[in-house]
Amino acid sequence: LRSGARILGHPAMLWLGLISYPLYLVNEPLGRVLAFLILPFTEGRPALFGLLWGVATLLGSIAVAAALHYSVERRFIRRRSAVTQSRAVRIAGVS
């Protein structure tokens, strides 16, 4: 049980957790596009296609998801946090 907690608490796993929603959004569409692009170069060699497609989809999905997280998602998280704090100040009557 402790080793599982240690693995899940590792910074790399926590970072994957941060980008998990954008990763969920981009994985399948990116995989389809990459399959379409890779197939002509690997026709007749399914093992090569599987290897190239799998690695490209994994790395590409992580890269695109990280870009979405840092360029889009974090802005909205910060904005929501600022709005929530502003509301709390108004409710408390503090200026």
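Treat the numbers as computed from the prediction; the structure is a model and nothing was measured. (Residues numbered from 1 in each chain as written. Predicted model: local features only at pLDDT ≥ 70, side-chain atom pairs only at ≥ 80, totals over all residues. Heavy atoms only, no water.)

Visitor: Would you mind going over the pattern of salt bridges in detail, with residue names and values included?
Guide: Per the stated rule, a full pass over the model turns up one salt bridge. Among the ionic pairs, Glu28 bridges to Arg32, the shortest N-O distance being 2.4 Å. With Glu28 and Arg32 both in helix H3 (residues 20-38) and four residues apart, the pair spans about one turn of that helix. Taking relative accessible area as the criterion, Arg32 reaches 60% and is therefore assigned exposed. (Salt bridge = Lys/Arg side-chain N within 4 Å of Asp/Glu carboxyl O. Helix = DSSP H or I, 4+ residues; strand = E, 2+ residues; numbered from the N terminus. Buried < 20%, exposed > 50% of the residue type's maximum accessible area, 1.4 Å probe, protein only.)

Visitor: Let's hear about the side chain of His69: which residues, and what values?
Guide: Among the structural elements, His69 can be located in helix H4 (residues 46-92). Accessibility expressed as a relative area gives 5% for His69, which makes it buried. Those residues in contact with His69 that sit more than four places away from it in its chain are Leu18, Ile19, Pro22 and Arg74. (Contact = heavy atoms within 4.5 Å.)

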